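Chain residues, written in single-letter form:
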Amino acid sequence: MSIKMPLKFLGSYKVVIRQGETEKQEICQKLTMTPIAEQEKNATDGESSPTHLITYFCFGCRRILEGRLIENREDGAVFQVDERKFEFCPSIRMC
């Protein structure tokens, strides 16, 4: 499944990380969201298996996540990673 939100390699994005009642906001760059191949998904089986590999840079640190796409909008995307939710949106728009 492709991501509806336009991704620009040199763009800045806002990421909101939610876990329970806590929420943390960051700005990230070089955001990529790559679908995971069907063969790899079938190996793990289950409803909670990851659908995308998400890579981004935040304050010079490279972050790599495997998450399940739960919301796919043109103005943002939300992924479930273990017990956390990661919401990505263009930095000019507030998530």
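Now for a look at the structure at hand. (Residues numbered from 1 in each chain as written. Predicted model: local features only at pLDDT ≥ 70, side-chain atom pairs only at ≥ 80, totals over all residues. Heavy atoms only, no water.)

Things to note about the packing of aromatic side chains
Aromatic ring pairs are defined here through the distance separating the ring centres and the angle between the ring planes.
Inference 1: Applying the stated criterion across every chain yields a total of two aromatic pairs.
Inference 2: Ring pairs connect the aromatic residues Tyr56, Phe79 and Phe88, which therefore count as one cluster.
Inference 3: A cation sits over an aromatic face here: lysine 30 above phenylalanine 57, 5.3 Å from the ring centre. (Phe/Tyr/Trp six-rings, centres within 6.5 Å; stacked < 30°, edge-to-face > 60°. Lys NZ or Arg CZ within 6 Å of the ring centre and 35° of its normal.)

Thoughts on the environment of cysteine 61
Inference 1: Its place among the elements puts cysteine 61 in strand E4 (residues 61-73).
Inference 2: With a relative accessible area of 41%, cysteine 61 lands in the partly exposed category.
Inference 3: With 33 residues separating them along the chain, cysteine 61 and cysteine 28 place their C-alpha atoms 9.7 Å apart. (Helix = DSSP H or I, 4+ residues; strand = E, 2+ residues; numbered from the N terminus. Buried < 20%, exposed > 50% of the residue type's maximum accessible area, 1.4 Å probe, protein only.)

Brief notes about the side chain of histidine 52
Inference 1: Examined against the element boundaries, histidine 52 turns out to sit in strand E3 (residues 52-58).
Inference 2: By relative accessible area, which is 2% here, histidine 52 ends up buried.
Inference 3: Side-chain polar atoms of histidine 52 contact the side chain of threonine 51, separated by 2.9 Å.
Inference 4: Dropping the residues within four chain positions of it, histidine 52 is found in contact with Met1, Ile3, Met33, Thr34, Pro35, Ile36, Leu65, Glu66, Gly67, Leu69 and Phe79. (Polar contact = N/O pair within 3.5 Å; in protein donor to acceptor, adjacent residues only side chain to side chain. Contact = heavy atoms within 4.5 Å.)

What about the sheet that holds strand E5 (residues 76-81)?
Inference 1: As summarised here, the arrangement of the six strands in space is E1-E2-E3-E4-E5-E6, forming a closed barrel in which the pairing is antiparallel. Direction aside, neighbouring strands of the sheet carry axes that sit 45° apart on average. (Pairing = 2+ DSSP bridges. Axes fitted to C-alpha atoms, helices over the stretch in contact; angles between N-to-C directions.)

Focus: the nonpolar core
The nonpolar side chains of a soluble globular protein tend to be buried, and buried together.
Inference 1: Ranked by size, the top nonpolar core spans 18 residues in total, and within it Leu31, Met33, Ile54, Tyr56, Phe79, Phe86 and Phe88 carry the most contacts.
Inference 2: Sorting the residues of this core by element identifies strand E1 (12-19), strand E2 (22-35), E3, E4, E5 and strand E6 (84-90) as the ones contributing at least two each.
Inference 3: Contact partners of leucine 31, with chain neighbours within four places excluded, come to Met5, Leu7, Tyr13, Ile54, Thr55, Tyr56 and Phe88. (Core = buried A, V, L, I, M, F, W, Y, C linked by side-chain atoms within 4.5 Å.)

Some thoughts on the side chain of lysine 14
Inference 1: Tracing the chain through its elements places lysine 14 in strand E1.
Inference 2: For the buried residue lysine 14, which engages in no salt bridge, the nearest side chain bearing the opposite charge is glutamate 23, 6.9 Å off.
Inference 3: Separated by 3.1 Å, the side chains of lysine 14 and glutamine 25 make a polar contact. (Lys, Arg positive; Asp, Glu negative; His and termini not counted. Salt bridge = Lys/Arg side-chain N within 4 Å of Asp/Glu carboxyl O.)

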